[in-house]
Structure formats: structure tokens, C-alpha cells
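Summary of the model geometry
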2 protein chains.
Amino acid sequence: MKADWRSRFAENVRDYQGYPIGKTIQYLTDPEIISLAGGLPSPKVFQRTELRLATERAFDRDIDRIMQYSPIPGEATLVDAVLRFLERDNITIGRDNIVITTSGQHGLDLTGRLFLEPDDVVLVDRPTFAGAVVAFGMQRPRFIGVNIEDDGSDVIGMRQQLERLGRKGTPPKFIYVVPDFQNPSGITISIAKREALLDLSYEFDVPIVEDSPYRDLRYSGETIPAIFTLDQRRDGDHVIGLYTFSKLFCPGMRVGFNIGPPEVVTRMTHIKEGNILNTPKWNQDMCLAFLEDMDLEQHLENCRSYYREKLDVFLETMAEYFPPETGVSWTRPEGGLFLWVSLPPHIDTDELFFEAIEHKVAFVPGEQFYGENPEHNHMRINFSFVSKEQLAIAVGRLADCIKKRL
Amino acid sequence: MKADWRSRFAENVRDYQGYPIGKTIQYLTDPEIISLAGGLPSPKVFQRTELRLATERAFDRDIDRIMQYSPIPGEATLVDAVLRFLERDNITIGRDNIVITTSGQHGLDLTGRLFLEPDDVVLVDRPTFAGAVVAFGMQRPRFIGVNIEDDGSDVIGMRQQLERLGRKGTPPKFIYVVPDFQNPSGITISIAKREALLDLSYEFDVPIVEDSPYRDLRYSGETIPAIFTLDQRRDGDHVIGLYTFSKLFCPGMRVGFNIGPPEVVTRMTHIKEGNILNTPKWNQDMCLAFLEDMDLEQHLENCRSYYREKLDVFLETMAEYFPPETGVSWTRPEGGLFLWVSLPPHIDTDELFFEAIEHKVAFVPGEQFYGENPEHNHMRINFSFVSKEQLAIAVGRLADCIKKRL
């Protein structure tokens, strides 16, 4: 007898599909396609030699412990190294403010699971990070989005939403932002708007979840303090920080961390315990080696130069192919891996995607980056993975299929 | 201003504590304590050399891919090796029946998350695996337990519960069992009872979740077919299998897998995608090497001999210290890492635990292995980690503090 499985599934996940991006990428098997779709850091900046040497050292020192269970909150050596990593950035916290995660995605899931019930509201930018929508989505919240501006979140629009939601008795559980070089838009939140977000957080007593995967990948302009730092300066405790080393070192390591008030971090650690137990020690040891056994600042500077050049090529080529009269516009990020191209409203980038593939170029349709009510005339572009030469060719191919529709 | 965090947490996890065992183990910092409390495989059987060699080979072949994202369902090479691993055990499935997990705990969590809503019923043995209670517990189900018997689940008692629950309109979402050398009791479900469980599964249309972490660690007696195999022979699809390589190779790898019907496995893969994305490739490569580049059967046979001797020492020493008239009884497992000691009902092993620590010996109080209504006069004993000599000394120390209370 055959079972009817679907009817048994929990409502939260009965129709859950994971990442829509994953389903997009399956179309990209043709090796001639230049893909600006993934979110991949370039293997050109991977520290292969350090990985090999650090592995040998870790095996010599600790192979039995590498093969055994390890502490749920993270290896003490890595935790302490991360605390030092954060001090560079004017964030001073203790061991009871941090839990090591098995990647940024895991950090997002721990957050969603800790706070969200079905129909709870999460206040986000429009567009926002698809991975957050996917992680939080397993708890079936409602996303309320406010259109992002060139200097970050629309704090006036967010205030209006907070007032409206307050009147309805459904205040958001938290505000989710990626303040530095947001995925997908590349936009950075200005210092004034970070302070204004904190004002909103205190006034409406709504926590801020600050997701910072790219913060150390700044190619131009001045570093702006993390919202976490600004909160500390104001003696608040309204901010939870999510971090991953996937973009700074390599995604294959699967190591990140969450920071916040002890009661939040402790509960996240309990959830992690029931969810996967511990992050594997070898992976943590590799992260520790990248942080402390090599020249971290030199590595980051190399990454910045490498990605900065690619970004410049992309922006210059876009300017050549799309003069202002085409109505095509794009963001000019100061860091990160992504930017956002907006086409005239009549062009649907879902349809364009399949035509682009025939032209051997790929992007992610913008509609995947909305918690609700998506717009359809945007593209997310990743400029970190393919070579400068390929980036220039890719823009030409995009122009071929976009210009037909202008 | 300071936030009131607790009131914001989702009800499912507001008071969630993770593993009670973890909180027990914090008392064991004194190195003179002989701990029979953990669930640790012995480093004596760790394949350190293979880990080093396999790492070198993997780096030579694949270092860029090791450092990059990898497929959510698992590396195809590992998936295929696991399919061959299962064929040894008369389980023949395809790639769409399996998802690689980041440990057995992760496999349990994917299962709980896929099926359970608050107040859903899970039918379990009494006692049952604490890690399952902890993983499923994040969905706040109700556990209904039926006392386990020497030859496994009490299928008559389970039938009565299924009838009762059916009349109430609250049939269980699934039956959860660890058929081989159950953690904590060491009990194995007989072939007749496995068939009877399947009968119940079909008659009441309730799936079975079969958790098999220790199945290859049989020290005596004949291997009994997995319930998954029996279900396949009867052309059913009512069984989901959960596996981990933590006890066969090493826990530090954090690799396991779930098997089942494609619609179940696909949905678990989607949840994994939102939850942690991928299992890291190095960890999967190590698992692949243990499965295919070394002599797997020889390794398993070594583990069996090594653990068999320890089990024998423990059982013999127990018989010396606790003759029948003491009213102390214990299980005699045919494999696995654990057994179950039952004391006269007036002895509370929670209290005994702290006295035992003063006697420099530790176990896990039995009450941690119940989904509801725990009994308090049992101890879970792990016999795999400490040496034979220490095992004998540990039994003597246990006898010292138990006999005072008889």
C-alpha cells in the first residue's frame, strides 16, 4: 500500500520549495553560458596553500578532537579569534554573546526559528536578501517591504509601516537589513539612516537583525559603523548580528556566527543543539587559521583589489552599452559581490532570463528578492565570479537581448 | 533601553533547552571521573591515517570544489557510495530516495520539521532516544510512549494506543523506533516485531521512522533485516530511514543521510536548503574515502571486536557485583554503544547521579530518555569510550553508591 505523504507534512513546509535561485541555476549547464547568476566568490582568492598547511597543523595537533564531537557554541579557540576579528570593527563582546554557526544560512534559520510564528511580520527592504526570505519562510511569516533608496532603507516609509502595524496590533518581530553592499542591490545604508533605524528600533521596541556577509569587502568609500556598534554606543541591546566567512574565505568551510544579547544567543545555541549538534571542528580550525595564521588584512586587501577591478569593468561596460536614454539604470556599489540593474517597467526579467540563456548569459530575475509583491523589471548581477574579460562580453550579450525590448 | 527578549521568542522554542545530557556532562570536569555518560565512539577505532591520506588526495583532486558551495542533496560521488553501502544491507534505492545530512541529529530535525505541528502525536518506545525527543521537541509534539520489551517495541501496546488515538481523532504522525541496539536500552527489535510494526503501519496508515545509527555494530547474534527492507519486500513505502556515520567512522565528520520516498526526500532537501544549504564537501569526501578507499568490512570488524570485548567486561563485572538478589537488572545488547541498568523503584537515579560523581563515576539518569512521564530508577550506560580496565573500576564505584541504597 502506498502512502499519501503530502497530507502528513506540517503546514509550514508542505509547499516549501527552498531557494528559487537554485531552480534558476539548473538551466545553466551549457559551459558557454557566462553566469552572473550565482553568488560565488572567486576561487582566484581562495587561500589553497593556507588550507593545506592549516590542515596539516590541525591534524598534527588535534586529530582525535577533529574526529570527535565538539562544543555546541563553537570551539573556544575560534570563538576567541572571532571576538578579536570583531574588535577590529569596534564591536566588543564576550563569549556569551556569540554562537558559531554552520554558515550564514544556518544563522538566518536559527534567527527565524527563534522568533517567528506563522503570520508574524518581518519588516524588510524591497528588494531584500532571497536567502533570508527562504530561511524565515519556513516559519511562514508575512514580509512587509519598503522600497530601498540609494542611501539605504527608507526610514520614513518604515516608520509609517511601524505605525500602521502597531495600530493593527501586529508589530513586526524584527527589522531585517543587510546594511553593507546589500544582496541583491549592492546598496549601503548611510550612517544617518543606521542611527534612524536604531531610533525606530527603540521607539517601537522592535529588534534589528543586521546581516553582514560582505562588510569587509569594501572597494571604495569609508567604512560605516555597524548598527551593532551604534547600538552598543547608545547602551542598547536591540541588535542581532549575523555573519559568515563564506565570502571572505570560502563557502565550502560552512562557518559563520551570530552575535547578540546572551539570552538570544543561548537560546540559538539550544536550537542549534537540537538541530545539528556541533559545527565540525576541522571546518572551525580552518576558519581559525584563515583568521590568525595568515595575514588576514593582506588577504582582505587582495580580495578587495581583485573584486574592485571586476566591478569597475562591469560598470564601465554598462555605461558604454546603456546610455541614459535607454532607460536602463543600475546601482554603483562600494563593495560586496552584487549589483542591481533596473529595466523599463514593461520588460519582464523572468522572460528575459530564458532569452538571455539563448544568448549565453545568465542573471537572477529580480522577483526572487522580494518577501511580497515582487517587481519584475530588475536583474541581480554577480560580478565576483567570472573574469573581467567575460564580464565585458556578458554585458554585450545582455545588451543584445535587452535592446530588442526597449 | 533594554529589550525584553523572551516575550518575543516563538512559542515552540521559548523554553527550549536542547539536550539535557549536555547539561549533565558539565559536571564531569574532574579528570578522575570515569564517565559512562557520553555517547562517544572510541578514538581507538578512528582511522586517522585514512583521514590524512584521503585529505591529501581530495585536495590534489578537488581543492577548489572543496572550498566552494556544493549540491544541497549531497555530492553525487558520496550519494552513489551510500547507495552501494545500503545494497550490502539489502536496501536498493535510487538517487531520488536519499538526502545527505550534516549528521544524524540533522536527519532527525529534518524529519521533525517536515511532519510535526504543535500537539501532533509521535508514538515511541519507553525509553526512547533522547536526541529524537530533543529534535522533534522543537515542534512541540506530544510523545506517547509504550514500554519496550526485551525483544523490542510492545506491538500489542502500540496497537492499543493506535486504536485509542484513532478514536480520539489524533492518530500519530509517525512511529519512531531505533530497531538495532536502541539508544538507550541496547534492545533490538525481533524480526517478528518488525513485521508486526509494519502491519500496524499499513493498517493504521502511520509511517515508521527507523533510526539506524548503530546497525553495523553487531557483536553477536544474526543481523535482522531493516524495517525499510521488509517494507520494500512488501511493496510498501511507509518507512523513512535515518542514518549517521558518526558511530561507524567518527562524529567529527558530521555526515549522515535520510532515505525514503522521493516526495519525502525532496521536501527534506528543500528544508535543508533553507536551513544550512549544503553539507561541506571535505566532510563528504572523508566519508566517501572511509566507505570506498579503505577496507570498510575490515574496519567494521575491528570496531566490533573492540567494542565486543568492552561489552563483555562490563557485563561480567556487573554480574559479579550485582547478584540477582540485589534487584538490579540490566540489558544484554547484541551491539551498539549503550545498555540500560534498572534499579529497584525506590532509587532515584537523578539523585544517585550526584552521589556517583562524588564516587568518581558518571552515567546518564534514565529519566532523560522519555518523551513523557519518565521513570526515575534507570541508568544509561555507555560502554564504548573508556578502557576495559576503567569499565571494571567504574562498575565497582557504581556498586559502592548503589548498594548503600538497596
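About the cut-offs
- Residues numbered from 1 in each chain as written.
- Chains lettered and ligands numbered in written order.
- Predicted model: local features only at pLDDT ≥ 70, side-chain atom pairs only at ≥ 80, totals over all residues.
- Pairing = 2+ DSSP bridges.
- Helix = DSSP H or I, 4+ residues; strand = E, 2+ residues; numbered from the N terminus.
- Axes fitted to C-alpha atoms, helices over the stretch in contact; angles between N-to-C directions.
- Contact = placed C-beta atoms within 7 Å.
- Least-squares fit on C-alpha atoms with pLDDT ≥ 70 in both.
- pLDDT = per-residue confidence, 0-100.
- Nonpolar A, V, L, I, M, F, W, Y, C, P; charged D, E, K, R; others polar.
- Domains from an automatic or database assignment.
- Buried ≥ 20, exposed ≤ 12 C-beta atoms within 10 Å, placed from the backbone.
- Expected span 1.5 Å × (residues − 1).
- Bend = angle between axes of the 7 residues up to and from the residue.

What follows covers the sheet that holds strand β4 (residues 142-147) of chain A. All names here are of chain A. Pairing is mixed in the open sheet, where seven strands are placed in the order β2-β8-β7-β6-β5-β3-β4. Because the sheet does not close on itself, it has two edges, and the strands there are β2 (98-101) and β4. Each adjacent strand pair in this sheet contributes to an overall mean axis angle of 20°, direction not counted. Where strand β3 (residues 121-126) lies against strand β5 (residues 174-177), three bridges are found, and the strand directions are parallel. Within β5, the position partnered with V124 by the bridge is Y176. The strands that helix α9 (residues 262-275) touches are β2, β7 (239-244) and β8 (256-259); relative to β2, the one it contacts most, it runs at about 30°.

Another aspect to go through is the relation of the copies chain A and chain B. Overlaying chain A with chain B gives an RMSD of 0.0 Å, the required rotation being 180° about an axis along which the chain moves by 0.0 Å. Such a combination of rotation and displacement between the chain copies is what one expects of a two-fold axis. Taken as a fraction of all interface residues of chain A, those also at the interface in chain B reach 100%, which identifies the copy contact as same-surface.

A word on the confidence of the model for chain A. With 99% of its residues at a pLDDT of 70 or more, chain A shows a mean pLDDT of 96. Across the interface, the model reports ipTM at 0.97; the global pTM reads 0.97.

Here we take up the sheet that holds strand β9 (residues 329-330) of chain A. With antiparallel pairing, the four strands of this open sheet are ordered in space as β9-β10-β13-β12 (chain A). Pairing within the sheet leaves two strands with one partner each, and these edge strands are β9 and β12 (364-365) of chain A.

Moving on, we come to the interface of chain A and chain B. Across the boundary between the two partners, chain A contributes 72 residues, which contact 72 residues of chain B. Residue assignment for the side of chain A that touches chain B shows that the elements contributing at least two residues are α2 (48-66), α4 (104-115), α5 (130-137), α9 and α10 (281-292) of chain A. Residue composition of the side of chain A that touches chain B, grouped by class: 36 nonpolar, 18 polar and 18 charged.

So, on to the domain arrangement of chain A. Residues and elements named next belong to chain A. Partitioning chain A into structural domains gives domain 1 (6-46 + 298-403) and domain 2 (68-292). Once you take the C-alpha centre of each, domain 1 and domain 2 turn out to be 24 Å apart. Facing 32 residues of domain 1, the contacting portion of domain 2 comprises 34 residues. Going through the elements one at a time, α1 (20-25), α11 (296-321) and β10 (338-342) are the ones with two or more residues in the side of domain 1 that touches domain 2. It is α11 that provides the largest number of residues to the side of domain 1 that touches domain 2, a total of six residues. Class assignment for the residues of the side of domain 1 that touches domain 2 results in 18 nonpolar, nine polar and five charged.

Bringing the environment of R8 of chain B into the picture now. By the element assignment, R8 of chain B lies in the segment before α1 (20-25). A tally of 19 C-beta atoms within 10 Å means that R8 of chain B is categorised as partly exposed. Non-local contacts of R8 of chain B, meaning those with residues more than four positions away in its chain, are made with F115 and K173 of chain A.

On to the environment of P280 of chain B, then. Checked against the element boundaries, P280 of chain B lands in the loop between α9 (262-275) and α10 (281-292). Using a count of 31 C-beta atoms within 10 Å as the deciding quantity, one classes P280 of chain B as buried. For the pair P280 of chain B and V99 of chain B, spaced 181 residues apart in the sequence, the C-alpha separation amounts to 14 Å. With sequence-adjacent residues up to four places away left out, P280 of chain B is seen in contact with G252, M253, R254 and N283 of chain A.

Taking 1.5 Å of rise per residue, 19 residues should cover 27 Å, yet helix α2 (residues 48-66) of chain B covers just 20 Å from first to last C-alpha, more than 12% shy of that figure. The sharpest bend along α2 of chain B comes to roughly 70°, located at D60 of chain B. The set of residues buried in α2 of chain B consists of L51, A54, T55 and I66 of chain B. Those residues of α2 of chain B hidden inside the fold are in contact with α2 of chain A together with α10 of chain B.

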